[in-house]
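# Results of the structural survey
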Amino acid sequence: MGSFLHRHRGLTPYLLLAPGMLWLAIFFLVPMVFLGYQSLQSGLFPHFQFTWEFSNFSSALSGYHTQLVRSFVYAGIATLACLVLAYPLAYWIAFRAGPWRNLFLLFIVAPFFVTYLVRTLAWLNILADQGPVVRVLRDVHVLGPDGRLLATTFAVVAGITYNFFPFMALPLYVSLEQIDPRLLEASKDLYASSTQSFLRVTVPLSMPGIVAGTLLTFIPAAGDFINAALLGTPNQAMIGNVIQAKFLESLDYPTAASLSFILMGTIMVMLLIYAWIVGSEKLTG
Amino acid sequence: MTTAAETLARPARVGLASRAWRFVARHSLTVYALLAVAYLMLPIAIVILFSFNHPTGRFNYVWHKFTFDNWIHWNSVLGIQSALEKSLEIALLATFVATALGTLIALAIVRHRFVGRGATNVVVFLPMSTPEIVMGSSLLALFLNDQNTIQLGFWTIFIAHVMFIISFVVVTVKARLIGFDRHLEEAAMDLGANEWTTFQKVTLPLLAPAIIAAALLGFALSIDDFVITYLNAGPVQTFPIFVWGVARVAVPPQVNVVASAIFLVAIGLGLANVVWQYRAAKSTRGGT
């Protein structure tokens, strides 16, 4: 075997790649083709026919644009909330935590060790009508006497924020941790105030983390349906809820497939715009 | 004298004021960090706490009475044990396969220059930047297309899990390979080891921590996955699917027990890793 590889050195990388890449090709790339194929079918379950039914896309859009827009709005708010909440924490861990660093990193990833659905259900306990949070908010008149947190937009967005928080905090930490403290000292030596050196040195140098974190948070958040299903009502339904229900409950595969494609396409377009903005900002800055 | 004292005192006072300001600034950030961690831990604490609750009615939302019963009779709820077993079986098998395949891809990408390397990187990155619902539904579209030969169930879940774990393994192992000291392998070759022996005796042991980390990550991803699994499970129930089913009716405290147990095992491994890294860092510092 060794001598065979020696004679055909150029083959080695392909032999290493073959099993894994074949798996990804067959079970990730090929299914995308089938999804496209299915999105252009017409008919009723179980007799679908491929008819180049492009009207699936327009009817899916006109029927479910509310949920589609809502998904991106919720995901956007949650991503912003994650960024604002996670940045100071990541900053503290990177610069101030000292020997406690690894312990606090473990705290950040700890929610991942609790089954996603169960940790979302825990918010049912916390936000429950008889729970302490609602009671306090009613007492201080933030909520009316019958005001609730559950089954509201707030609950859904808060759930998404909590569930994807680590995806934001970890990349932020990684990029902050790589900043050479001598650069901050240099900015101080050049008479920058703490605010100035934070805004002009720390934030620009942590941009890779901000970019990675927002993408890692926004993309899964936009496709999520668990938070809307468990913490919201049909009025908070996101596009994921529709796709899931179409595939598994109403067995309307063509509509479900075209909605999946629309979701992915919209995310791709947003990614390109985002890359363009971030890139151009870097050029000007 | 007085002027000298003044000149001495003034910078000291400024120093004191700025030090006081820094003290406040530093500690407000620390207080924030602790609050943020409390926020992250709160639902976890609730999950564990309510695993010890003895609920009055069907709903386990309000604290009533402390009990160990849920832990002792954790499998008294129909279907929970088999669901957990299915989750563990799938996670073990999928992690094993995905770790092997992903490590090989990482070796190829970092160690070799070849045609299609850029495309390989893109294909590896894509599953991580695709919403789960899209991956899940596209796989379902593939499987539904041939319903005569493909039965949704254990193996379709296994296929799906391997697919989405591979990318995470590649990324984790790649990070370690990039910082890998190739002189060690050259030294082994100089000492007469052939490529296979070198790989076995030098490369693999040095990569072991990254491979173990990747496998743990893969296992965690697999056991926790709901969206892709739910779409491709057919009649099979994994633990998350079981939870989804009972969430529509009433969640028994045994669900909290199983989730707490998974959490405690995972956090135990995590803590062991933290202590291990801390000791390793200490011993290297002591050695130099």
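Predicted model only: the values in this text are computed from it and were never measured.

## Focus: the overall build of chain B
The number of helices and strands found in chain B is eleven helices and zero strands. Moving toward the C terminus, one meets the helices and strands of chain B in the order α-α-α-α-α-α-α-α-α-α-α. In summary, chain B has a C-alpha radius of gyration of 27 Å against a globular reference of 19 Å for 288 residues, an excess of more than 25%. Out of the 288 residues in chain B, the part that is buried amounts to 35%. Long-range pairs, those at least 24 residues apart, make up 76% of the contacts in chain B with a sequence separation of at least 6.

## With respect to the overall build of chain A
In terms of helices and strands, chain A carries 13 helices and two strands. Compactness check: chain A gives a C-alpha radius of gyration of 24 Å against a globular reference of 19 Å for 285 residues, more than 25% above the reference. The C-alpha extent of chain A, read off along each of the three principal axes, is 80 × 70 × 40 Å. The 285 residues of chain A split such that 42% are buried.

## Overview of the packing of helix 3 (residues 55-95) of chain A against helix 7 (residues 153-177) of chain A
Residues and elements named next belong to chain A. Where helix 3 meets helix 7, the closest approach of the two axes is 7 Å, and the angle between their N-to-C directions is 40°. Taken as axis vectors, helix 3 and helix 7 run oblique relative to one another. As for the relative orientation of helix 3 and helix 7, their crossing is right-handed in sense. Grouping the constituent residues of the contact of helix 3 with helix 7 by class yields 24 nonpolar, one polar and one charged.

## Points about the interface of chain A and chain B
For interface size, the figure often reported is the accessible area lost on association. Each partner contributes residues to the interface: chain A has 70 residues there, and chain B has 73 residues. A total of 18 residues in the side of chain A that touches chain B trace back to one element, the largest contributor, which is helix 2 (residues 12-39) of chain A. Here the residues of the side of chain A that touches chain B are counted per class, giving 56 nonpolar, twelve polar and two charged.

## Points about the packing of helix 3 (residues 80-111) of chain B against helix 8 (residues 195-224) of chain B
All names here are of chain B. Running from amino to carboxyl end, helix 3 crosses helix 8 at an angle of 140°, the nearest separation of the two axes being 8 Å. Viewed along their axes, helix 3 and helix 8 adopt a mutual orientation that is oblique. Here helix 3 runs over helix 8; the crossing is right-handed. When helix 3 is examined against helix 8, the residues Ser87, Ile90, Ala91, Ala94, Thr95, Ala98, Thr99, Gly102 and Thr103 are found in contact with a partner set consisting of Ile211, Ala214, Ala215, Gly218, Phe219, Ser222 and Ile223. Across the contact of helix 3 with helix 8, the residue classes tally to nine nonpolar, seven polar and no charged.

## As for the domain arrangement of chain A
Its domain assignment divides chain A into domain 1 (1-35) and domain 2 (66-284). Put simply, the middle of domain 1 of chain A and the middle of domain 2 of chain A, counted by C-alpha atoms, are 35 Å apart.

## Observations regarding the nonpolar core
Residues Ala86 and Ala90 of chain A together with Ile105 of chain B are the most contacted members of the largest nonpolar core, which totals 148 residues. Counting residues per element, this core draws most heavily on helix 3 of chain A, at 16 residues. Each of domain 1 (1-35) and domain 2 (66-284) of chain A gives at least three residues to this core.

## Digging into unusual backbone geometry
Residue and element names in this part refer to chain A. Phi angles above zero are rare outside glycine, and histidine 141 is one such case at about 65°. Tracing the sequence through the fold places histidine 141 in the loop between helix 6 (132-139) and helix 7. Accessibility expressed as a C-beta count within 10 Å gives 9 for histidine 141, which makes it exposed. For alanine 151, which is not glycine, the phi torsion reads 65° and is therefore positive. Structurally, alanine 151 is set in the loop between helix 6 and helix 7.

## Some words on the pairing of strand 2 (residues 47-50) of chain A
Two faces, one strand: in a regular strand the side chains alternate between the faces of the sheet. Residue and element names in this part refer to chain A. Sheet topology places strand 1 (residues 41-44) next to strand 2; four bridges connect them, and they run antiparallel. Bridge pairing in strand 2 places serine 42 opposite glutamine 49. In textbook terms, the turn of a hairpin is the stretch between consecutive antiparallel strands, and for strand 1 and strand 2 this stretch comprises two residues.

## Notes on helix 7 of chain A
Residues and elements named next belong to chain A. An ideal rise of 1.5 Å per residue puts 36 Å on 25 residues; helix 7 measures up with 35 Å between its terminal C-alpha atoms. Along its length, helix 7 reaches its greatest deviation from straightness, about 50°, at phenylalanine 164, and the proline proline 166 lies no more than four positions downstream. Counting buried positions over the 25 residues of helix 7 gives 20, a clear majority of the element.

## Side note on helix 4 (residues 101-109) of chain A
Considered for burial, the residues of helix 4 of chain A that qualify are Phe104, Leu105, Phe107 and Ile108 of chain A. Axial view of helix 4 of chain A: buried residues confined to an arc of 155°, hence all on one face.

## Notes on the environment of phenylalanine 107 of chain A
Checked against the element boundaries, phenylalanine 107 of chain A lands in helix 4. Residue classification places phenylalanine 107 of chain A among the buried positions, given that 24 C-beta atoms sit within 10 Å. For the pair formed by phenylalanine 107 of chain A and proline 166 of chain A, sequence separation is 59 residues and the distance between their alpha carbons is 9.5 Å. Filtering out sequence-adjacent residues up to four positions away, phenylalanine 107 of chain A remains in contact with Val37, Leu40 and Met41 of chain B.

## Focus: the confidence of the model for chain A
Segments scoring low in pLDDT should not have their predicted coordinates read at a detailed level. With 95% of its residues at a pLDDT of 70 or more, chain A shows a mean pLDDT of 89. Per-element confidence in chain A is highest for helix 3 of chain A, whose mean pLDDT is 95, and lowest for helix 1 (residues 2-7) of chain A, whose mean pLDDT is 62.

## A word on the confidence of the model for chain B
Residues and elements named next belong to chain B. The pLDDT averaged across chain B works out to 87; a share of 93% of its residues lies at or above 70. Ranking the elements of chain B by mean pLDDT puts helix 1 (residues 2-50) last with 77 and helix 3 first with 95. A low-confidence stretch, residues 5-9 stays under pLDDT 50, and its non-local contacts, those more than four residues away or across chains, total zero contacts. As a predicted assembly, this complex carries a pTM of 0.87 together with an ipTM value of 0.87.

## A word on the environment of leucine 35 of chain A
With respect to the element layout, leucine 35 of chain A can be found in helix 2. Given 24 C-beta atoms within 10 Å, leucine 35 of chain A falls into the buried group. Those residues in contact with leucine 35 of chain A, other than ones at most four positions away along the chain, are Ala257, Ser260 and Phe261 of chain A together with Ser137, Ser138 and Ala141 of chain B.

Conventions we followed
Residues numbered from 1 in each chain as written. Chains lettered and ligands numbered in written order. Predicted model: local features only at pLDDT ≥ 70, side-chain atom pairs only at ≥ 80, totals over all residues. Helix = DSSP H or I, 4+ residues; strand = E, 2+ residues; numbered from the N terminus. Rg over C-alpha atoms; globule rule 2.2 N^0.38 Å. Buried ≥ 20, exposed ≤ 12 C-beta atoms within 10 Å, placed from the backbone. Contact = placed C-beta atoms within 7 Å. Axes fitted to C-alpha atoms, helices over the stretch in contact; angles between N-to-C directions. Parallel < 35°, antiparallel > 145°, perpendicular 65-115°, else oblique. Left-handed = near helix turned anticlockwise from the far one by under 90°. Nonpolar A, V, L, I, M, F, W, Y, C, P; charged D, E, K, R; others polar. Domains from an automatic or database assignment. Core = buried A, V, L, I, M, F, W, Y, C linked by C-beta atoms within 7 Å. Pairing = 2+ DSSP bridges. Expected span 1.5 Å × (residues − 1). Bend = angle between axes of the 7 residues up to and from the residue. Arc of directions from axis to C-beta. pLDDT = per-residue confidence, 0-100.

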